[in-house]
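Examination of the molecular architecture
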Amino acid sequence: MTDCVFCKIVAKQIPATVVHEDELTLAFMDIGQVNPGHVLVALKAHAENLYTLDDAQAAAVARSCARVARAIRDAFAPDGLSVYQANGKPAGQTVFHYHVHLLPRHAGDGMELTWPVKNPPREKLEEYAAKIRARLAR
Ligand SMILES: [Zn+2]
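All of the points below concern the structure found in this document.

**Some words on the overall build of the chain**
When its secondary structure is counted, the chain shows three helices and five strands. Judged by the C-alpha coordinates and their principal axes, the chain covers about 50 × 40 × 25 Å. By residue count, 33% of the 138 residues in the chain fall in the buried class. The long-range fraction of contacts in the chain, counting pairs at least 24 apart against all pairs at least 6 apart in sequence, stands at 54%.

**Quick notes on the coordination of the zinc ion**
Looking at the zinc ion, one finds its protein donor set to be Cys4 (SG), Cys7 (SG), His46 (ND1) and His97 (ND1), positioned 2.0 to 2.3 Å from the metal centre. If you look at the zinc ion, its four donor atoms make angles of 104 to 117° with each other, and the shape they trace is tetrahedral. Summarised as a motif, the one-chain spacing of the donors to the zinc ion is C-x2-C-x38-H-x50-H. One end of the pair, Cys4, is in the segment before helix 1 (5–10); the other, His46, is in the loop between strand 3 (39–43) and helix 2 (55–76), and 42 residues separate them in sequence.

**Quick look at helix 2**
Spanning 22 residues, helix 2 covers 31 Å between terminal C-alpha atoms, matching the ideal 32 Å at 1.5 Å per step. Those residues of helix 2 that are buried lie in contact with strand 1 (18–21), strand 2 (25–29), strand 3, strand 4 (80–84) and strand 5 (99–105). For helix 2, the side-chain oxygen to backbone nitrogen distance between the N-cap and Ala56 is 3.1 Å, and the N-cap itself is Asp54.

Conventions adopted
- Residues numbered from 1 in each chain as written.
- Predicted model: local features only at pLDDT ≥ 70, side-chain atom pairs only at ≥ 80, totals over all residues.
- Heavy atoms only, no water.
- Helix = DSSP H or I, 4+ residues; strand = E, 2+ residues; numbered from the N terminus.
- Buried < 20%, exposed > 50% of the residue type's maximum accessible area, 1.4 Å probe, protein only.
- Contact = heavy atoms within 4.5 Å.
- Donors = N, O, S within 2.8 Å, 3.2 Å for Na, K, Ca; no water.
- Tetrahedral: all angles 85-135°; square planar, octahedral: opposite > 155°, others 65-115°.
- Expected span 1.5 Å × (residues − 1).
- Polar contact = N/O pair within 3.5 Å; in protein donor to acceptor, adjacent residues only side chain to side chain.

Structure representation (structure tokens):
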């Protein structure tokens, strides 16, 4: 996509600090660095979000995430690591080219994600699950 910043990074039209590359993915340092070692794993092909990935692309991103996460752990010894991926503006997506954040975490680092649990009854969970299962079966 011609005006996509991540497509330009993949095409090396915009500089990036790359840590890992394979046939389908490119991993590079997030310019914002919420914490040292913060890496983005992007699909090389333009795909707006998770919904558009084929199985091979999804598997490639997961493989690269696991490999790079282990390297981040070994290099920075964080207290933890958050994996963050957003689909759509309301979810927090700001670059509309599929990517995953690998974010080393430390106690009290200021990174927050509120998690407003609703704890619905089991019947509601079954209702939600049935909707999803029906679409998976298609
Ligand atoms: Zn793109």
